[in-house]
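# Residue-level structural notes
Here are the chains, one letter per residue:
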Amino acid sequence: MTETSQASEPQNTAQEARQINDFCINVATTNGTGSQTSNIALFRAMFRMGIPVSGKNLFPSNIQGLPTWYRIRLNHTGHVGYRDTWDILVTLNAKTLAEDLAAVPSGGVVFYDNALPVKEDREDVVYYAMPVKDLVKQSGVAPNLREYITNMVYVGMMAELLGIERSAIRSALDTHFSGKQKAVDLNMQMVDLAADYARNNCVKRDPYWVNRIEGGNRDMILIEGNAAAALGSVYGGVSVLAWYPITPATSLADGINEYLPKLRKDPKTGKATYAVIQAEDELSAIGMTLGAGWAGARAMTSTSGPGISLMAEFTSYAYQAEIPAVIWDVQRVGPSTGLPTRTSQGDLAFTYRLGHGDTRHIILLPHDPSECFEFGYKSFDLAEFFQTPVFVLSDLDLGMNVWMSKSFTYPETPMNRGKVLSAEQLQELGGKWGRYVDVDGDGVTYRTLPGTEHPTAGYFTRGTGHNEKAAYSERSEDWETNMIRLRRKFDTARQHVPKPEIVRQQGGDIAVVSFGTNHQSILEAVDLLKQDGLRFDYLRIRALPTSPEIGEFLDAYERIYVIENNFNGQMHGILLQEYPAYATRLISISRQNGMPLSASWIQEQLKTTHQRFLQALA
């Protein structure tokens, strides 16, 4: 049955005063109380009503008991980047009550548990008291099950007063509980009871409404970045995953564990064609990954910043010995243990040069789940073609939050295993093969896999100094020759890594450069800046090393602002190294406080920084 809630509206609320499909909700609860089910139900319901929506889960780094918040942003124009302010507060947490109430803006709304000491003393705020305990008792649900449905009170109240379709909520719950009818009915019972209470007892006095957008969100899906990365890795042919649990990367490994049994079994025998190993630590995980990559498997690991620290020595070895591997770094705030459940882009400089001496690595920088899926399989092609570790730098915001995403496209091209010699090819070469000989002039040499049945197939895999034949050498000439070739290989990679995305505006004469999950907020900020008469062209870096297109873009502007979510402006530093001639043009704008960058902050920083520049010129 389809049912649309019809909240009562006072006659003095003008139609033109309505704020439809353009506001932000902040739900304040306690970690471990099951509010995630309620929040995701609201989020999915509005998505299924065709409304562009985003959700940010701000949770503590403990199991339960500390405050947690969930932000849901609706925007009918499609701007769903992080907002650092909200319009509607739902509060069930006494510990943060004063702070949360103080942050409600003028014209805002507060839904609150009537057991909390809320005074309703602001005339510029609309209050809706929720009799949570009374409604839960009225539900008739057994006492041992009541804690599981308590948060559905605010779902029902908001459904009625904002106009969220109850049928969409039921559909969302059906997805969440995988069709388990008893669980769906139990929660919907509470939703209906709370919605009916709101209809009979609350007069709508706020301007915020949700209306269905017919045809909205067509061909879009909802998925976490880590799940998308897992699925992309499976489609990319991963056959060995070695990992160690760490927030916020654990769910990536969990996703692979979920998908592999369904998608990677021998069709004849039914046996698994993969191996997943939970190692005793990150050092073991990267060691197993490299061993599998050397043996010819498509091997990967996933971790975060502290795990990357433990992987430095093995990564350096893989760079020198030229062993393929994929390493997903789902970034969180550092230094040290930092803020394990907050997002950051602080590992960029670290991973780019991870290792001893002169190393530089290929890095992929996804901005949404569709790119997590794409880079999930492309990372293996790059690792095997260039015979080197490839890092994919996601972050907590992307990895652990549910995002709207374009539907995924199955890879059209076959796997690229790179320059692997078969026994037949070795026979044709007549023994004239050397593991580190650059035959083609691109810095990429030919390799063999263990088990290749030819007497010349074997070689020593050396992390120490070696010559072109893989023989141990401390001769200066051999070392320098090898390092020059590795640099040539890195320069070849510039032509093969994903190209940047460029967004130009008519009349744009200043530029913004960024990467990763800053993308949505930068697009919105650039739109907002048009109202101030400022037109910014925008380039999003999708990979390192920098490709020729990046240099061509930078060359066209006298002022280029590099925006990133870390404290030291790490991408800005890399660009200065890559393009020293543009040192006076490249300006760093960076911030790292554990939250995603908001459009309002980016807008203000670009506007004030550029105005200071213009004033200096005058």
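We now turn to the structure provided with this report. Within every chain, residues take consecutive numbers counted from 1 along the sequence as written. Since the coordinates come from a predicted model, pLDDT governs what is reported: local features require at least 70, and pairs of side-chain atoms require 80 or more to be given and counted, while whole-chain, interface and lining totals use all residues. Just so you know, side-chain values use all the structure's heavy atoms and leave hydrogens and water out.

Here the focus is the sheet that holds strand β4 (residues 67-75). A pair of strands counts as paired when DSSP detects no fewer than two bridges linking them. Helix and strand definitions follow DSSP, with helices as H or I runs of at least four residues and strands as E runs of at least two, each counted in order from the N terminus. Strand order in the open sheet made by the six strands is β3-β4-β2-β5-β6-β7, with mixed pairing throughout. At either margin of the open sheet sits one strand with a lone partner, and together these are β3 (53-58) and β7 (126-130). Taken pair by pair, the neighbouring strands of this sheet meet at an average axis angle of 15°, ignoring direction. The pairing of β3 with β4 spans six bridges and is antiparallel. Bridging from a neighbouring strand, Gly-55 pairs with Ile-72 of β4. Along the sheet, helix α1 (residues 35-48) contacts β2 (22-30), β3 and β4; its crossing angle with β4, the most-contacted strand, is approximately 5°. Every axis in this analysis is a line fitted to C-alpha atoms, fitted for helices over the stretch in contact. Angles between the N-to-C directions lie between 0 and 180 degrees. In what follows, a contact means two residues having at least one pair of non-hydrogen atoms within 4.5 Å.

Okay, the side chain of Thr-448 next. For Thr-448, the position within the fold is in the loop between α15 (423-429) and α16 (476-493). Relative accessible area decides the class of each residue, using a 1.4 Å probe on protein chains only: under 20% of the type maximum gives buried, over 50% gives exposed, and in between gives partly exposed. What makes Thr-448 buried here is its relative accessible area of 2%. Any pair of N or O atoms that falls within 3.5 Å is considered a polar contact. Within protein, one atom must be able to donate a hydrogen and the other to accept it, and sequence-neighbouring residues count only if both atoms are side-chain atoms. Engagement of the side chain of Thr-448 in a polar contact is seen with the backbone oxygen of Ala-457, the distance being 2.6 Å.

Glancing now at the packing of helix α5 (residues 166-176) against helix α6 (residues 181-201). The N-to-C vectors of α5 and α6 enclose an angle of 155°; their axes lie 9 Å apart at closest approach. When the axes of α5 and α6 are compared, the pair comes out roughly antiparallel. As for the relative orientation of α5 and α6, their crossing is right-handed in sense. Across the interface between the two elements, Arg-166, Ile-169, Arg-170, Leu-173 and Asp-174 of α5 pack against Gln-181, Val-184, Asp-185, Asn-187, Met-188, Val-191, Asp-192, Ala-195, Asp-196 and Arg-199 of α6. Residue classes follow a fixed rule: Ala, Val, Leu, Ile, Met, Phe, Trp, Tyr, Cys and Pro count as nonpolar, while Asp, Glu, Lys and Arg count as charged, and any other residue, Gly among them, counts as polar. By residue class, the composition of the contact of α5 with α6 is six nonpolar, two polar and seven charged. Convention used here: angles under 35 degrees read as roughly parallel, angles over 145 as roughly antiparallel, angles from 65 to 115 as roughly perpendicular, and any remaining angle as oblique. For a crossing to be left-handed, the near helix must be turned anticlockwise from the far one by less than a right angle; the clockwise case is right-handed.

With that settled, the discussion passes to the layout of surface pockets. Here the largest pocket is characterised by a volume of approximately 590 Å³. Put simply, the grid is 1 Å and covers the protein atoms alone, a cavity is a trapped set of points that fit a 1.4 Å probe, a pocket is an open set with protein on both sides within 12 Å along at least five of seven lines, and lining residues have an atom within 4 Å of a point. Lining the largest pocket we find 24 residues, and of these Glu-224, Asn-226, Ala-227, Ser-251 and Glu-258 sit closest to its centre. Among the elements of the structure, α1, β9 (220-224), α7 (225-235) and α8 (250-263) are those that each provide at least two residues to the lining of the largest pocket. When residues in the lining of the largest pocket are grouped by element, the largest group, six residues, is from α8. Grid points are joined across faces, edges and corners, and a volume is the space filled by probe spheres set on the points.

Below, the discussion takes up the environment of Val-153. Note on placement: Val-153 falls in helix α4 (residues 152-162). Overall, the relative accessible area of 1% leaves Val-153 in the buried class. Ignoring any residue separated from it by four or fewer positions in sequence, one finds Val-153 in contact with Met-130, Val-132, Leu-135, Val-136, Met-190 and Ala-194.

For any two aromatic rings, the description comes down to two numbers: the centre-to-centre distance and the angle of the planes. A pair of Phe, Tyr and Trp rings is counted when the ring centres sit within 6.5 Å of each other, with Trp represented by its six-membered ring. The angle between the planes then sorts it: under 30 degrees is stacked, over 60 is edge-to-face, the rest tilted. This model, assessed by the stated rule, comprises 12 aromatic pairs. Among the aromatic residues, those joined into a ring-pair cluster are Tyr-235, Phe-373, Tyr-377, Phe-408 and Tyr-410. Between Arg-18 and the ring centre of Trp-209, over which it is positioned, the NZ or CZ distance is 4.2 Å. Only when the NZ atom of a Lys or the CZ atom of an Arg is both within 6 Å of the ring centre and within 35 degrees of the ring normal do we say a charge sits over the ring. Between the NZ or CZ atom of Lys-204 and the centre of the ring of Trp-209, over which it lies, the distance is 4.6 Å.

A few words on the side chain of Thr-609. With respect to the helices, strands and loops of the structure, Thr-609 is situated in helix α20 (residues 599-617). Assessed through its relative accessible area of 11%, Thr-609 is described here as buried.

Here we take up empty space enclosed by the protein. Summed over the entire model, instances satisfying the criterion amount to seven cavities of 30 Å³ or more. Computed from the structure, the largest cavity encloses a volume of approximately 80 Å³. What lines the largest cavity is simply Tyr-319, Arg-360, Ile-362, Phe-386, Thr-388, Leu-486, Lys-489, Phe-490 and Ala-493. By residue number, the principal contributor to the lining of the largest cavity is α16, which donates four residues. For the lining of the largest cavity, the class distribution of residues is six nonpolar, one polar and two charged.

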